[in-house]
Amino acid sequence: MKKKNVGMAMPIVAVGILALLPLTGLQEYWIYTLTIGFYYALMAASWALLVGYVGRISFAQAAMAGLGAYASALSIIHLGLPIPLSILTAVTVAALTGIVIGWLTLRLHGAYLGLTTIAFSEILRIAVTAEHQVTAGSLGLKVAPLLPNGTTTGYYYLFLCAVVVSVLLMLVLLRSRIGLFFQSIREDEDGSASLGVNTTAWKIAAFAISAAFAGFAGALYAHFVQLITPSMMSIQEMGYVLAMAVIGGFHNVVYAAFGGVLLQLALEALREAGEWRLAIFGLAALLVLRFAPNGLFGTLATALRKGGRG
């Protein structure tokens, strides 16, 4: 089997299996868990787009999802927008915020960039918590359901389609000239600039695009769980997203997305471990970085290609 065919077959088979799971009599609890997993899949893929392809480290992805969730909910409450327009508003607000973050951090790299995005996330979380008259603070803000009288299975397929379409859009983008600009910045920013690439504009664009997908994920999540709190913007949530992307394979948005689903299942399996779950995820991420730097799914894809050539 050719290398390219193997690389394409694995995601298609995996999505096919996920599409058939509710038809096998799977318990509703696990259908709900997988639906949440699709939210994390989109989060992990959007983070991988920025970090894996552009080389810009950000710990604001959970904050962008929370911003999208609150923007969608509040636009319905205060502006009376229908849900499709409220979700579009969420995407727009997240993208604009991403532009601001990208502009403010243009000259920052590595740890300084990461610390700045952490600071932004905490400021946003504290602001949402403090403005309880608008956001209901830590009590939680009620959100209109995305599917009135919708079933768990209905939400499952909606989220699965949202992830598939979003990841396909990311792949189209990354395989275009824009993707080449992104990767050139990751490999050699100064060299790219010397060849005429507007690195400033494309770095800001990368933040905006990544934030937009995170905002979309947050809006969908809000209308699914129907109650949002500032905790969805926490550093712990960002830690989960980071671990999911790294363990799945953050150099590939498809593998990062599968990492989100896999780790959400593990999250439920380890529920009795309580707060130790994040420590376990962190250890798993370190081991993957050490022994499988391309992630579990990236390593699996490489093994399948070698087997196909054999």
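Keep in mind it's a predicted model, so treat the numbers as computed, not measured.

1. Here's the deal with the overall build of the chain
So, point 1. Along the backbone of the chain there are 14 helices and two strands.
So, point 2. Computed over its C-alpha atoms, the radius of gyration of the chain comes to 19 Å, within 12% of the 19 Å expected for a compact globule of 310 residues.
So, point 3. The C-alpha extent of the chain, read off along each of the three principal axes, is 60 × 55 × 35 Å.
So, point 4. The buried share of the chain, taken over its 310 residues, is 48%.
So, point 5. For the chain, the share of sequence-separated contacts (at least 6 apart) that also reach a separation of at least 24 residues comes to 79%.

2. Observations concerning the side chain of S72
So, point 1. Among the structural elements, S72 can be located in helix α3 (residues 61-79).
So, point 2. Side-chain polar atoms of S72 contact the side chain of H223, separated by 2.6 Å.
So, point 3. The contact partners of S72, leaving out residues within four places of it in the chain, are S86, I87, A90, A219 and H223.

3. Quick word on α3
So, point 1. Between its first and last C-alpha, α3 extends 26 Å over 19 residues, near the 27 Å set by a 1.5 Å rise per residue.
So, point 2. The buried count for α3 comes to 16 of 19 residues, which makes it a mostly enclosed element.
So, point 3. Positive phi appears at G80, one or two residues downstream of α3, with a value of about 70°.

4. What about unusual backbone geometry?
So, point 1. Although it is not a glycine, A136 adopts a positive phi angle of roughly 70°.
So, point 2. Residue position: A136 is located in the loop between α6 (132-135) and β1 (141-142).
So, point 3. Assessed through its relative accessible area of 22%, A136 is described here as partly exposed.
So, point 4. A positive phi angle is found at N149, which is not glycine, with a value near 60°.
So, point 5. Following the sequence through the fold, N149 ends up in the loop between β1 and α7 (152-174).
So, point 6. For N149, a relative accessible area of 81% corresponds to the exposed category.

5. Description of the pattern of salt bridges
So, point 1. Inspection of every chain in the model, using the stated rule, returns three salt bridges.
So, point 2. Between E187 and R186 there is a salt bridge whose closest N-O contact spans 2.8 Å.
So, point 3. Judged by its relative accessible area of 31%, R186 is partly exposed.

6. Thoughts on the nonpolar core
One recurring pattern in soluble globular proteins is that nonpolar side chains are buried together.
So, point 1. In terms of nonpolar packing, the biggest core is built from 93 residues, with F38, Y39, M43, W47, V167, I228 and V253 touching the most fellow members.
So, point 2. The dominant element in this core, judged by the number of residues it contributes, is helix α2 (residues 28-54), at 18 residues.
So, point 3. Not counting the four nearest positions on each side in its chain, W47 is found in contact with G52, S58, Q61, S210, M238, V241, L242, A245, V246 and F250.

7. Side note on the packing of aromatic side chains
So, point 1. Throughout the structure, instances matching the rule amount to twelve aromatic pairs.
So, point 2. Ring geometry for Y32 against F224: centres 5.2 Å apart, planes inclined by 35°, an arrangement best described as tilted. Of the two residues, Y32 sits in helix α2 while F224 sits in helix α10 (residues 199-225), which places them 192 residues apart along the sequence.
So, point 3. Here F181 and W202 contribute two aromatic rings whose centre-to-centre distance is 5.2 Å and whose plane-to-plane angle is 35°, an arrangement assigned as tilted. Placement of the pair is F181 in helix α8 (residues 177-187) and W202 in helix α10, with a sequence separation of 21 residues.
So, point 4. By relative accessible area, W202 is classed as partly exposed at 22%.

8. Quick notes on the environment of T153
So, point 1. Inspection of the secondary structure puts T153 in helix α7.
So, point 2. The exposure class assigned to T153 is partly exposed, which follows from its relative accessible area of 30%.
So, point 3. Residues T153 and L283, 130 residues apart in the sequence, show an inter-C-alpha distance of 33 Å.
So, point 4. Beyond its immediate chain neighbours, meaning those up to four positions away, T153 contacts P22 and I31.

How each quantity is defined
Residues numbered from 1 in each chain as written. Predicted model: local features only at pLDDT ≥ 70, side-chain atom pairs only at ≥ 80, totals over all residues. Heavy atoms only, no water. Helix = DSSP H or I, 4+ residues; strand = E, 2+ residues; numbered from the N terminus. Rg over C-alpha atoms; globule rule 2.2 N^0.38 Å. Buried < 20%, exposed > 50% of the residue type's maximum accessible area, 1.4 Å probe, protein only. Contact = heavy atoms within 4.5 Å. Polar contact = N/O pair within 3.5 Å; in protein donor to acceptor, adjacent residues only side chain to side chain. Expected span 1.5 Å × (residues − 1). Salt bridge = Lys/Arg side-chain N within 4 Å of Asp/Glu carboxyl O. Core = buried A, V, L, I, M, F, W, Y, C linked by side-chain atoms within 4.5 Å. Phe/Tyr/Trp six-rings, centres within 6.5 Å; stacked < 30°, edge-to-face > 60°.

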